[in-house]
Amino acid sequence: MAATTAFTCPITSSSLSPLRKKFPYSHSFNTSTQIPPPISLSSASIFKTLKSSSLPVTHLRSSTTPITSDLSPTSAAPQSLKSRLKNGETLYGLFLLSFSPTLAEIAGLAGYDFVIVDMEHGHGGVADALPCLHALAATRTAAILRLPESSPTWAKKALDLGPQGIMFPMIDSPKMARKAISYCRFPPNGVRGSAHTIVRASDYGIDAGYLSNYEDELLIMCQVECEDGVKKIDEIAAVDGVDCVQMGPLDLSASMGYLWDPGNKKVRAVLRAAEKAVLGTKGGAYLSGFAMPHDSPEDLRLRGYHMVSGAVDVALFRSAAVEDVKKFKMSSTGGSDDEAGEGGKDGDADEKYWSE
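Residues numbered from 1 in each chain as written. Predicted model: local features only at pLDDT ≥ 70, side-chain atom pairs only at ≥ 80, totals over all residues. Heavy atoms only, no water.

Looking up the chain in an unreviewed UniProt entry gives the name Phosphoenolpyruvate carboxylase family protein, with the organism given as Actinidia rufa. Taken directly from UniProt, the Sequence similarities (unreviewed entry) text for the chain runs: "Belongs to the HpcH/HpaI aldolase family." (UniProt positions renumbered as here; feature names shortened; annotations may be inferred.)

In structure tokens:
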């Protein structure tokens, strides 16, 4: 047996530079191209295997840029959320309130363009959000963190995790929007505290180019959720650095006195006026929103929304669970599926059940 020898491969910042090259976003990938050949234990055979292999080197990834399996040197520029919006795409996403990495992973594998990890209404904080970001990164899905409040402390902790986007709630004026932007930028352009040499956002300091591109890659979203905010929404959308204005239909309806009736015609009229104001702002922000039972994702898209969130993870599971139990209880009182098929009446009932 050939003797084995220990060896080390020193890594320098210059040797890492080709490994940091980023590639465009894609949900389609072939895992078979990522599996290297077996490596023997001897140092000689290891170097021989590495030399002869034609497989691409696994690239280190900026936490703000999704990975794709297309590792050819001629690949186009990376497709972040911001670049996809600039290309005219309409993006479809999900709110994650459960803070379940498993559900986050399923959402990514299902094909959502982005997932908003909701620290405002979800039970979790920064420590709970991190495993969800890990799960989303594994599925090449962009993560956005919604803050519990618009403050420099929450913004700093969220940004250090390295999401592609950050959402500030309850932005009611252009002054509040400018403050939110300042929380995202390092001095002298803002007030963000600096630990860029060690946090996840910079790949723990491995990404030497983080300071030069973080502003270009970070999607900043300001949520307008009340009547006062809507009155100034065109000014908010025009603030330098605001990439998206996120409409908040439930809080808007509550602020107008229609907590139990978000579909009220008066609420819808105010919402439509706010949408037109954002879309009419020259060089302003994109329009982002959340679908409602009376306002489908397709309706939002047709009205000019470029980011549409169509569901919440806990609501999806709740609906599926309620329907599953309901179906079982209906079948237990109405006979088996075979009997329903033979009788005809139960078959009609089942069809009606699924159509409701």
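Draft legend 1. How the structure looks around the sheet that holds strand E6 (residues 244-247). Around the barrel, 8 strands lie side by side as E1-E2-E3-E4-E5-E6-E7-E8; this closed barrel has parallel pairing. Strand after strand, the sheet turns through a mean of 25° between neighbouring axes, direction not considered. The sheet strands contacting helix H5 (residues 126-138) are strand E1 (91-96), strand E2 (114-118) and strand E3 (142-146), and the helix crosses E2 at an angle near 175°. (Pairing = 2+ DSSP bridges. Helix = DSSP H or I, 4+ residues; strand = E, 2+ residues; numbered from the N terminus. Axes fitted to C-alpha atoms, helices over the stretch in contact; angles between N-to-C directions. Contact = heavy atoms within 4.5 Å.)

Draft legend 2. Summary view of the confidence of the model for the chain. Across the chain, pLDDT averages 81, with 72% of residues at or above 70. Low pLDDT, under 50, characterises residues 1-78; the stretch is placed with 109 contacts to residues that sit more than four places away or in other chains. Confidence drops under a pLDDT of 50 for residues 342-356, and excluding neighbours within four residues, the segment shows 9 contacts in the predicted structure. (pLDDT = per-residue confidence, 0-100.)

Draft legend 3. A look at helix H4 (residues 101-110). Every buried residue belonging to H4 is among Ala104, Ala107 and Gly108, and all of these are buried. End-on, the buried residues of H4 take up no more than an arc of 95°, which puts them together on one face. Structural note: H4 exposes Ile106, Leu109 and Ala110 on the side pointing more than 90 degrees away from its buried face. Turning to H4, the residues buried within the fold contact E1, E2 and H5. (Buried < 20%, exposed > 50% of the residue type's maximum accessible area, 1.4 Å probe, protein only. Arc of directions from axis to C-beta.)

Draft legend 4. The pattern of salt bridges, seen in detail. Under the counting rule described, the total for this entry stands at 10 salt bridges. A salt bridge links Glu89 to Arg84; the nearest nitrogen and oxygen atoms lie 2.8 Å apart. Look at Arg84 and you get buried, because its relative accessible area is 8%. With a shortest N-O distance of 2.7 Å, Arg146 and Asp118 are connected by a salt bridge. Note that Arg146 is positioned in strand E3 and Asp118 in strand E2, a separation of 28 residues in sequence. A residue is classified by how much of its surface remains accessible, and Asp118, at 1% relative accessible area, is buried. Taken together, the salt bridges that share partners define one network made up of Arg84, Glu89 and Asp113. (Salt bridge = Lys/Arg side-chain N within 4 Å of Asp/Glu carboxyl O.)

Draft legend 5. The arrangement of the packing of aromatic side chains in detail. For the structure shown, the criterion picks out 5 aromatic pairs. Plain terms: the ring middles of Phe168 and Tyr183 are 6.3 Å apart, the flat faces sit at 55° to each other, and that makes the pair tilted. Here Phe168 is found in strand E4 (residues 165-168), whereas its partner Tyr183 is found in helix H7 (residues 174-183), with 15 residues between them in sequence. Across the pair, exposure class does not vary: Phe168 and Tyr183 are buried alike. When the centroid spacing of 5.1 Å and the interplanar angle of 65° are considered together, the rings of Phe186 and Tyr214 count as edge-to-face. One end of the pair, Phe186, is in the loop between H7 and helix H8 (210-217); the other, Tyr214, is in helix H8, with 28 residues separating them in the sequence. For Tyr214, a relative accessible area of 7% gives the class buried. Each residue in the set Phe186, Tyr210 and Tyr214 is aromatic and connected to the rest through ring pairs, giving one cluster. (Phe/Tyr/Trp six-rings, centres within 6.5 Å; stacked < 30°, edge-to-face > 60°.)

Draft legend 6. Examining the state of the cysteines more closely. Scanning the entire structure with this criterion turns up 0 disulfides. Not engaged in a disulfide, the cysteine Cys244 finds its nearest cysteine sulfur in Cys222; these two sulfurs lie 9.6 Å apart. (Disulfide = S-S within 2.5 Å.)

Draft legend 7. Local environment of the environment of Thr90. Relative to the elements of secondary structure, Thr90 occurs in the loop between helix H3 (81-86) and E1. Taking the C-alpha atoms as reference, Thr90 lies 9.7 Å from Ser288; in sequence the two are 198 residues apart.

Draft legend 8. Main features of the pairing of E2. For E2, the tally of buried residues reaches 5 of 5 residues, placing the bulk of the element in the interior. Neither face of E2 is left uncovered, since the one carrying Phe114, Ile116 and Asp118 and the one carrying Val115 and Val117 both have all their residues buried. With 4 bridges connecting them, E1 and E2 associate as parallel partners. The partner of Leu94 across the bridge, within E2, is Val115. Handedness of the crossover joining E1 and E2 through H4: right-handed. As a crossover connection, the stretch from E2 through H5 into E3 is right-handed. (Right-handed = clockwise from strand over helix to strand, strands pointing away.)

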